[in-house]
Amino acid sequence: MQFGLAGGLLWIIAHALGLLGPLAGATFAILAAAAASATVLGVRWYQPRVRWPWYCFASGLTLFLVGGVAREALGTLGDLTSHRSLIPDLITIPGYVVASIGLFGMVRARQTGHDREIDTVLDAVVAALACLALGWLFVINPNLISKTPLSVRMVLTVYPTLSVFLVAITAILAFSASGRRLPSNRFLVGSTVSVLLGDVIYMLIETHAVRLPATIIDVPYALAYLFVVAATLHPSMHSVTEPITTSEAAPTVGRLVTVAVALAIPGVITVSRVDAPSSDRIVLVVTVLSLTGAAIVRLFRALRAHARSEARLLHQATHDMLTGLPNRAYVHEYLDHALARTAEADSRLAVLFLDVDRFKLVNDSHGHSLGDAFLLAVAQRLRTGTRPSDLVARIGGDEFVVVLNNLQTETGAIDIAQRTRQLFANPFEVRGTEL
């Protein structure tokens, strides 16, 4: 793989310097085809658990290649008239969609949980719509004359927008807080960033905002294909679609800043485009409303995730991880409040302490896994055998506590204690083993 990447870099340098002459177009097509072929080979060599996202991504690359060939054949670069053929765009833009589906499939395979999938899409949509609004406002309209058809202006703006969406998806895939840092993921980020750079340069050239040699225009796209070859032929591509255990964390500062900036963009557009023609107003209104809606939904979901995360952390601090029963810390706090209540209500409170005799023998004879299952069975029997008003807790390895509330006499506490002991008269059946 190292020799192939080195050869690709040499080709990019030669192409940028104009040393390939008339062979530049043909060799570029060969490089693009090699990227799609490398994806198929990588899947066959490394056998990832989920394969369809890779094939989907390779299909997107193929559409990029076909669209580029059509663009070259029809000579659409720089044509801003109504006679411009949209055939290359109708081929290339679906390529972005197909590649996005493939990348999202990788994210979905790694992340468990429907909520995280929705958040991933919302993050990417917010970033893409913000790019669409800013590109339309500050690049397309200032550089294009009013005679340029709306369809052409929209097409030119769509490319960087879709590129930003690809970058956002791959960034989430590669740099998630609990994800493993895989070289293949980093290469995918490099590929989508290169596509974004190429699309921005392409848009600036199309709008005649800058002038660059034709050999330079293809360099970012060539880098993108080279990064794809590296990503798919690296052994770590096998792990890209492996699921990872992720805890629902509070929203990161970076994501909230992104949402806040996205919410500020509509105000910038409103101030800057008060004199926009009607066609521009329609595009901007639709974009602004979509951006605002997506940003608000993302912010709401982030805050809700933060609240759930805090509640879960609080629960973990006061409850036993195995049985879900309150733990020792919870019992201490509970008794403080319960004793105060009983003093006011002139009632009594009792604490039953239970431990499982010879539990170490269970672990030594049958293993810790069966021992944990047995403790779960003990907890369940205590739950079902006590009153709803009583508190059942696990305060140690095989130690349990039952707090009896609203007692009138000590005799009542003793009666409940005897009934609790009788809960264990019958043996436990745990995974086919009688204890």
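In the block above lies the structure referred to throughout.
For clarity, every value in this text was computed on a predicted model and none was experimentally measured.

What should I look at first to understand the overall build of the chain in this one?
From N to C terminus, the chain includes 15 helices and 5 strands. Across the chain, contacts joining residues at least 24 apart in sequence account for 75% of those joining residues at least 6 apart. Split by element, the accessible area of the chain, about 21800 Å² in all, is 65% carbon and sulfur.

What should I look at first to understand the packing of aromatic side chains in this one?
Think of a pair of aromatic rings as described by two things: how far the centres are apart, and how the planes are tilted against each other in angle. Applying the stated criterion to the full structure yields 8 aromatic pairs. With centroids separated by 5.1 Å and ring planes inclined at 85 degrees, the aromatic side chains of Phe374 and Phe428 adopt a geometry described as edge-to-face. Pair noted here: Phe374 is in helix α14 (residues 368-385) and Phe428 is in the loop between α15 (410-422) and β4 (429-430), with a separation of 54 residues, a long-range link. In this structure Phe374 comes out as buried when scored by relative accessible area, which is 6%. With relative accessibility at 6%, the residue Phe428 sits in the buried group. Through a chain of ring-to-ring contacts, three or more aromatic side chains come together here, namely Phe64, Tyr96, Tyr159 and Tyr202. The residue whose ring lies beneath Arg341 is Tyr334, and the NZ or CZ to ring-centre distance is 5.8 Å.

Explain the side chain of Ser236 here, please?
Mapped onto the elements of the fold, Ser236 is located in the loop between α9 (219-233) and α10 (253-272). On the basis of relative accessibility, which here comes to 10%, the residue Ser236 falls in the buried class. Those residues within four positions of Ser236 in sequence are excluded, and the remaining contacts are Leu182, Pro183 and Ser184.

Looking at this model, I keep getting lost on unusual backbone geometry. Mind explaining?
Where the residue is not glycine, phi is negative for most of them; where a peptide bond is considered, it is trans in most cases. Even without glycine at this site, Arg358 takes up a positive phi of about 60 degrees. Considering the arrangement of structural elements, one finds Arg358 in the loop between β1 (348-355) and α13 (359-366). Look at Arg358 and you get exposed, because its relative accessible area is 64%.

Hey, could you run me through the nonpolar core in this one?
A general tendency of soluble globular proteins is for nonpolar side chains to be buried together. If you look at the biggest cluster of nonpolar residues, it comprises 49 residues, and the most contacted ones within it are Phe57, Met106, Leu188 and Tyr225. Every element with two or more residues in this core is listed here: α1 (2-16), α2 (24-46), α3 (52-74), α4 (87-110), α5 (114-143), α6 (150-175), α7 (183-206) and α9. By residue number, the principal contributor to this core is α9, which donates 11 residues. Ignoring any residue separated from it by four or fewer positions in sequence, one finds Met106 in contact with Pro53, Trp54, Phe57, Leu173, Leu188, Val240 and Thr241. Core analysis: the second largest hydrophobic core is formed by 23 residues, Phe359, Val378, Ala379 and Leu382 among them.

Can you help me understand the pairing of strand β2 (residues 391-394) in this one?
Side-chain positions along a regular strand alternate between the two faces of the sheet. Going residue by residue along β2, you find Leu391 and Ala393 tucked away on one face and Val392 and Arg394 tucked away on the opposite face as well. When β2 meets strand β3 (residues 399-407), the two strands line up antiparallel, connected through 4 bridges. Counterpart to Leu391 in the pairing with β3 is Val403. Between β2 and the antiparallel strand that follows it, β3, lie 4 residues.

Where do I start with the packing of α4 against α6 in this structure?
Two packed helices can be described by the angle between their axes and the distance between those axes. Direction vectors running N to C along α4 and α6 enclose 15 degrees, while the axes themselves pass 10 Å from each other. Taken together, the axes of α4 and α6 are roughly parallel relative to one another. For the crossing formed where α4 meets α6, the hand is left-handed. Across the interface between the two elements, Pro88, Asp89, Thr92, Ile93, Tyr96, Ala99, Ser100, Leu103, Phe104, Met106, Val107 and Arg110 of α4 pack against Val155, Val158, Tyr159, Leu162, Ser163, Phe165, Leu166, Ile169, Thr170 and Leu173 of α6. When its residues are assigned to classes, the contact of α4 with α6 shows 16 nonpolar, 4 polar and 2 charged.

Teacher, can you tell me more about a nonpolar patch on the surface here?
Residues Leu10, Ile13, Leu17 and Leu19 make up a contiguous nonpolar surface patch of roughly 460 Å² in combined accessible area. Taking the relative accessible area as the measure of exposure, Leu19 reaches 62% and is therefore exposed.

So what exactly am I meant to see when it comes to the pattern of salt bridges here?
Side chains carrying opposite charge are able to pair once their charged atoms draw close together. Applying the stated criterion to the full structure yields 7 salt bridges. Arg71 serves as the salt-bridge partner of Asp89, at 3.4 Å between the closest nitrogen and oxygen. Taken together, the positions of Asp89 in helix α4 and Arg71 in helix α3 put the pair 18 residues apart, joining distant regions of the chain. For Asp89, a relative accessible area of 3% gives the class buried. If you follow the salt bridges from partner to partner, you end up with Arg71, Arg84 and Asp89 in one network.

Would you mind going over the packing of α4 against α7 with me for this structure?
At a minimum axis separation of 13 Å, α4 and α7 run at an interaxial angle of 155 degrees. Classified by the interaxial angle, the pair formed by α4 and α7 is roughly antiparallel. Crossing of α4 over α7 shows left-handed handedness. Taken together, the residues of α7 that come into contact with α4 (itself represented by Tyr96, Leu103, Met106 and Arg110) are Asn185, Leu188, Thr192, Val195 and Asp199.

Procedures and definitions
Residues numbered from 1 in each chain as written. Predicted model: local features only at pLDDT ≥ 70, side-chain atom pairs only at ≥ 80, totals over all residues. Heavy atoms only, no water. Helix = DSSP H or I, 4+ residues; strand = E, 2+ residues; numbered from the N terminus. Contact = heavy atoms within 4.5 Å. Areas by Shrake-Rupley, 256 points an atom, 1.4 Å probe, with all protein chains shown as cover. Phe/Tyr/Trp six-rings, centres within 6.5 Å; stacked < 30°, edge-to-face > 60°. Buried < 20%, exposed > 50% of the residue type's maximum accessible area, 1.4 Å probe, protein only. Lys NZ or Arg CZ within 6 Å of the ring centre and 35° of its normal. Core = buried A, V, L, I, M, F, W, Y, C linked by side-chain atoms within 4.5 Å. Pairing = 2+ DSSP bridges. Axes fitted to C-alpha atoms, helices over the stretch in contact; angles between N-to-C directions. Parallel < 35°, antiparallel > 145°, perpendicular 65-115°, else oblique. Left-handed = near helix turned anticlockwise from the far one by under 90°. Nonpolar A, V, L, I, M, F, W, Y, C, P; charged D, E, K, R; others polar. Patch = residues over 30% accessible without salt bridge, like charges linked within 9 Å, V, L, I, M, F, W, Y side chains within 5 Å. Salt bridge = Lys/Arg side-chain N within 4 Å of Asp/Glu carboxyl O.

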